[in-house]
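# A structural walkthrough
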Amino acid sequence: MLSHGQFVFGPEVAEFEKEFAAFCGTRFAIGLNSGLDALVLALRALGIGHGDEVITPPNSYIASSGAIGLLGASPVFVDVGDDYNIDPTLIENAITPKTKAIMPVHIYGQPVDMEKLLSIASEYKLTITEDASESLGSFLNYKHTGTFGEIGCLSFNGNKIITTGGGGAILTNADTLAEQIRHMSTTAKIAHPWELSHDEIGYNYRMPNINAALGCAQLELFPKLIENKRNLHMKYKKELEGIPWLRLISEKKESISNYWLNTIILGNNEDSFQKKLIETCHKEKIFLRPSWKPLHLLPMFQSCPKSELNTASFLQNKIVNLPSSAFL
Ligand SMILES: *Cc1c(COP(=O)(O)O)cnc(C)c1O
């Protein structure tokens, strides 16, 4: 890459996309700027816009609901189950005439129960955009997360399981979506040897070649990273097993998790226990983390529709993420 000097446009993007699509098992992968941009482009390609509603969980990184909001649509927050993923049995009640899509988030690498989501989506004619930003290497019934719905989005930001120094990707099996997404990600420029013209207002979201080169190198490391992550989880499992006041979230029998983060749920303790535990461990340089502030409590999403969020609210004060680096 450094020898040919094609930092922005060059062969590594196509190479990365090809390897990546092969790993995930989709016909197309499209390299992009970031996971957030991937989500925006996915929703835009599926026709989500002003006034539409998209069903999604409240316990996520800002990018999932952020992408919905950036297009003028509204997230509709649906509660989670005890695996901290969106509860598919609660989705039907949240559907209104404005509902156009579902955006599940495979939280911390644990696969969402996609079979139920798919049957609801087909019954109500909704599209599914999976936020698989945290779940590269996670499978449900041996099928990679992000490949169940119309579109799956991934992130290669620095905190993710592999990084391109900032970047993202879209997975899809549909020719028309892949073509449209490529087009929209490159300012909707009409391909031509010299004429410079555009047929829509597009985005500048393509992955630069230098980042794709990093991605190719990272894909080679990936099996080792996953192995380390899964071994770390087994160690946590062994060490934490006998402790009555916590529960470690582990993969369900039909799924394989990348264990991007190892998560414990504190048992019947006071809400202040979570804070005390995190504080005490930080003093010992063990960097435990709570979850993100729930999205429905942020000022820009406070008035969005939501179901009762009892489990998400309850778990908010019980969740602790453990140090989960592949090099721990
Ligand atoms: C990381 C992440 C994204 C995308 O993040 P970028 O930093 O824009 O690549 C989206 N959703 C979730 C749940 C994430 O964790």
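Just above sits the structure.
Along each chain, residues carry numbers from 1 onward, in the same order as the chain's sequence is written. In keeping with the predicted nature of the model, local features appear solely for residues at pLDDT of at least 70, side-chain atom pairs appear and are counted solely at 80 or more, and the whole-chain, interface and lining totals rest on all residues. Note: side-chain values were computed over all heavy atoms of the structure, leaving out hydrogens and water.

Bringing the site of the ligand into the picture now. Here a residue is considered near a molecule or strand provided that any single heavy atom belonging to it is located within 4 Å of it. Near the ligand there are 15 residues, and of these Gly-35, Asp-131, Glu-134, Ser-155 and Lys-160 occur at the shortest range. Here Ser-133 contributes a side-chain N or O atom positioned 3.5 Å from a nitrogen atom of the ligand. Pairing of N or O atoms within 3.5 Å defines a polar contact, subject to two protein rules: one partner must be a possible hydrogen donor and the other a possible acceptor, and residues neighboring in sequence count only if both atoms are side-chain atoms. A distance of 3.3 Å separates an oxygen atom of the ligand from a polar side-chain atom of Lys-160. Notes on the ligand: free accessible area 380 Å², of which the protein chains cover 94%. When residues of the shell around the ligand are assigned to their parent elements, the largest contribution, 3 residues, is made by helix 2 (residues 35–45). For every accessible area listed, the method is Shrake-Rupley and the probe measures 1.4 Å; residues are considered covered only by the protein chains on display. Only runs of H or I of at least four residues qualify as helices and only runs of E of at least two qualify as strands under DSSP, and these elements are numbered from the N terminus.

Below, the discussion takes up the pattern of salt bridges. For salt bridges, the criterion is a side-chain nitrogen of Lys or Arg within 4 Å of an Asp or Glu carboxyl oxygen. In this structure the tally under the stated criterion is 10 salt bridges. Note that Lys-252 and Asp-83 form a salt bridge whose closest N and O atoms lie 3.0 Å from each other. With Lys-252 in the loop between strand 10 (246–248) and strand 11 (255–256) and Asp-83 in the loop between strand 3 (74–77) and strand 4 (99–102), this pair connects stretches of sequence that are 169 residues apart. Type-normalised accessible area, obtained with a 1.4 Å probe on protein chains alone, sets the label of each residue: buried when under 20%, exposed when over 50%, and partly exposed for intermediate values. Given a relative accessible area of 39%, Lys-252 falls into the partly exposed group. Judged by its relative accessible area of 14%, Asp-83 falls in the buried class. Here the salt bridges do not stand alone but share partners, grouping Glu-17, Arg-182 and Arg-206 into one network.

A word on the packing of aromatic side chains. Centre distance within 6.5 Å is the pairing criterion for rings of Phe, Tyr and Trp, where only the six-membered ring of Trp is used; planes under 30 degrees apart are then read as stacked, over 60 as edge-to-face, and the remainder as tilted. For the structure on display, the rule yields 11 aromatic pairs. Measuring from centroid to centroid gives 5.2 Å for Phe-20 and Phe-156, while their planes differ by 90°, and the two rings are edge-to-face. Of this pair, Phe-20 sits in helix 1 (residues 11–24) while Phe-156 sits in the loop between strand 8 (151–155) and strand 9 (168–172); the two residues are 136 residues apart in sequence, bridging distant segments of the chain. Under the relative-accessibility criterion, Phe-20 is labelled buried at 1%. Look at Phe-156 and you get buried, because its relative accessible area is 0%. When the centroid spacing of 5.3 Å and the interplanar angle of 90° are considered together, the rings of Phe-23 and Phe-222 count as edge-to-face. Residue Phe-23 is located in helix 1, and its partner Phe-222 is located in helix 6 (residues 209–240); the two are separated by 199 residues in the primary sequence. Residue classification places Phe-222 among the buried positions, given a relative accessible area of 3%. An aromatic cluster of three or more residues is present, and its members are Tyr-61, Tyr-84, Tyr-108 and Trp-292. Sitting above the plane of the Phe-148 ring, Lys-143 keeps its charged end 5.1 Å from the centroid. Here, over-ring charges are defined by two tests on the NZ atom of lysine or the CZ atom of arginine: distance to the ring centre within 6 Å, and angle to the ring normal within 35 degrees.

A two-sided burial pattern is seen for strand 3, the buried positions comprising Ser-74 and Val-76 on one face and Pro-75 and Phe-77 on the other. Relative to strand 3, strand 2 (residues 53–56) is paired through 4 bridges, and the arrangement is parallel. Paired with Thr-56 across the bridge in strand 3 is Phe-77. Following the chain from strand 2 across helix 3 (residues 62–70) to the adjacent parallel strand 3, one finds a crossover that is right-handed. If DSSP finds at least two bridges between two strands, the strands pair. The definition of a right-handed crossover adopted here requires that, viewed with the strands pointing away, the path from the first strand over the helix to the second runs clockwise.

What follows covers helix 5 (residues 175–185). Looking at helix 5, one finds that the buried residues are Leu-177, Ala-178, Ile-181, Met-184 and Ser-185. Buried residues of helix 5, viewed axially, fall in a sector of 140°; they line one side. Of the exposed residues in helix 5, those oriented more than 90 degrees away from the buried face are Thr-176 and Glu-179. Buried residues in helix 5 make contact with strand 1 (28–32), helix 2, strand 8 and strand 9. Downstream of helix 5 by a residue or two, Thr-187 has a phi angle that is positive, lying close to 55°. Relevant arc is that of directions from the helix axis to the C-beta atoms, nothing else. The contact definition used throughout considers only heavy atoms, calling two residues in contact when any of these lie within 4.5 Å.

What counts as an axis is a line fitted to C-alpha atoms, over the stretch in contact for a helix, and the angles between N-to-C directions run from 0 to 180 degrees. Taken N-terminus to C-terminus, the directions of helix 1 and helix 6 make an angle of 35°; their axes are 7 Å apart at the nearest point. Note on packing geometry: the crossing formed by helix 1 with helix 6 is left-handed. Residue-level inspection shows Pro-11, Glu-12, Val-13, Glu-15, Phe-16, Glu-19, Phe-20 and Phe-23 of helix 1 in contact with helix 6, the latter providing Asn-209, Ala-212, Ala-213, Gly-215, Cys-216, Leu-219 and Phe-222. A breakdown of the residues in the contact of helix 1 with helix 6 according to their chemical character gives 10 nonpolar, 2 polar and 3 charged. Helix crossings get a hand from a simple test, with the near helix turned counterclockwise from the far one by less than a right angle marking a left-handed crossing and a clockwise turn marking a right-handed one. The residue classification treats Ala, Val, Leu, Ile, Met, Phe, Trp, Tyr, Cys and Pro as nonpolar and Asp, Glu, Lys and Arg as charged. All others, Gly included, are polar.

Worth remembering: the numbers are spatial, not functional.
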